[in-house]
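# Coordinate analysis (summary)
The lines below spell out each chain.
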Amino acid sequence: MKSISFKHLKTLEDESIYVLRETVAQFENPAMLFSGGKDSIIMVHLARKAFYPAKLPFPLMHIDTGHNFPETIEFRDNLVKELGARLIVGSVQESIDKGRVVDETGPGATRNWLQTVTLLDTIKEHKIDAAIGGGRRDEEKARAKERFFSHRDIYGQWDPKNQRPELWNIFNGRKNPGEHFRVFPISNWTELDVWQYIKKEEIELPSLYFSHKRKVFDRDGVTLAFTGFIELFPDEKVYENTIRFRTIGDATCTGTVDSTANTIDDIIAEVATARVTERGNRNDDKRSEAAMEDRKLQGYF
């Protein structure tokens, strides 16, 4: 593979580190949202650089649907141990047990939509005033509207028409009691930037991102991994295929891609020629044309 120039990555890295430092300077009790996916992993890497040689000045927060890939949880726990970081886990199962949300049943059921209540409850319980997330503007049209500092009202809701200007990267983190912010330090990164940075920094990732054989089935134009969390429709058939994941989330809605890419260079070449965004194979985003926008308005990531 032809050698890659990483010069632009230094600019992106500097910007992200600046945003992380501004977050710690402006807020009393921030936390970093951590899913175990590549974007949250590079955010942790950037935070280590931003505050080295000190430990991370905030905890990691994982909203656990209970329907995670085992590889994701194993990677999360190993990383937390290596960092000596504090981990906050918000459990969707606990939200169900408490009657805060109702679990979906039957084929097509997913807990991904239930995460919003658990996320907002966890933010409130731990008095988090800034939740740092790995959202990028290239992922999806609703995320393209985000600022670096995204204000949320006392209900955790997002008003895209009432966001604050960020001229010259001057951020306004002022808020009223009960309000909080979502902060997106890698807003200007693309999926290709992320993979090139992973290569440059030699960042470890869960094995799910690399080509492997797995039992899968097809649903609504998306190929999903067959797990114990999913009930099949009568006409759906399970088969084995060579796949990898471009994005990692709840196992019931995270689509796979046919791929033989088993090295970072292979993945970079694959992403560079892709014509579908990485969220294009997320089954939950296909529930409606404005699925992501609706969820963000309710308080989702």
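These lines cover the structure that appears in this document, whether it is placed above or below. Worth saying up front: this structure is predicted, and the values here are computed from it rather than measured.

Turning our attention to a nonpolar patch on the surface. Residues Leu 167, Trp 168 and Ile 170 make up a contiguous nonpolar surface patch of about 440 Å² in total accessible area. Mapping Leu 167 onto the fold places it in the loop between strand S5 (149-152) and strand S6 (180-183). Of the residues examined, Leu 167 reaches a relative accessible area of 55% and is grouped as exposed.

Spatial ordering of the open sheet is given by S8-S7-S9-S10, a layout of 4 strands whose pairing is antiparallel. Only two strands of the sheet have a single partner each, and these edge strands are strand S8 (222-225) and strand S10 (257-258). Across 2 bridges, the pairing between strand S9 (residues 239-244) and S10 is antiparallel. In the sheet register, Arg 244 faces S10, and the bridge partner there is Val 257.

This paragraph deals with the nonpolar core. Residues Met 32 and Trp 195 are the most contacted members of the largest nonpolar core, which totals 54 residues. Where this core is concerned, the elements lending two or more residues are helix H1 (7-26), helix H2 (38-51), helix H3 (70-83), strand S4 (130-132), S6, helix H6 (191-201) and helix H7 (264-272). A per-element tally of this core places H2 first, with 8 residues. Not counting the four nearest positions on each side in its chain, Trp 195 is found in contact with Lys 38, Leu 205, Tyr 209, Arg 244, Ile 264, Ile 267, Ile 268 and Val 271. Leu 33, Val 92, Val 101 and Leu 114 belong to the second-largest nonpolar core, a separate cluster that totals 13 residues.

Mapped onto the elements of the fold, His 67 is located in the loop between strand S2 (60-64) and H3. Judged by relative accessible area, which is 13%, His 67 ranks as buried. C-alpha of His 67 to C-alpha of Ala 251: the two residues are 184 residues apart in sequence and 5.7 Å apart in space. In this structure His 67 touches Arg 111, Phe 229, Asp 250, Ala 251 and Thr 252, once residues within four positions along its chain are discounted.

The next thing to look at is the pattern of salt bridges. Applying the stated criterion to the full structure yields 18 salt bridges. Measuring nitrogen to oxygen at the nearest pair gives 3.3 Å for the salt bridge that ties Arg 48 to Glu 82. Placement of the pair is Arg 48 in helix H2 and Glu 82 in helix H3, with a sequence separation of 34 residues. Look at Glu 82 and you get exposed, because its relative accessible area is 55%. Residues Arg 214 and Glu 71 are paired through a salt bridge, measuring 2.9 Å at the closest nitrogen-oxygen approach. Linking Arg 214 in strand S7 (residues 212-219) with Glu 71 in helix H3, this pair joins segments that are 143 residues apart in sequence. On the basis of relative accessibility, which here comes to 16%, the residue Arg 214 falls in the buried class. By relative accessible area, which is 23% here, Glu 71 ends up partly exposed. Each of Lys 10, Glu 13, Asp 14, Lys 49, Lys 200 and Glu 201 takes part in one network of salt bridges that share partners.

The rules we used
- Residues numbered from 1 in each chain as written.
- Predicted model: local features only at pLDDT ≥ 70, side-chain atom pairs only at ≥ 80, totals over all residues.
- Heavy atoms only, no water.
- Patch = residues over 30% accessible without salt bridge, like charges linked within 9 Å, V, L, I, M, F, W, Y side chains within 5 Å.
- Areas by Shrake-Rupley, 256 points an atom, 1.4 Å probe, with all protein chains shown as cover.
- Salt bridge = Lys/Arg side-chain N within 4 Å of Asp/Glu carboxyl O.
- Helix = DSSP H or I, 4+ residues; strand = E, 2+ residues; numbered from the N terminus.
- Buried < 20%, exposed > 50% of the residue type's maximum accessible area, 1.4 Å probe, protein only.
- Pairing = 2+ DSSP bridges.
- Core = buried A, V, L, I, M, F, W, Y, C linked by side-chain atoms within 4.5 Å.
- Contact = heavy atoms within 4.5 Å.

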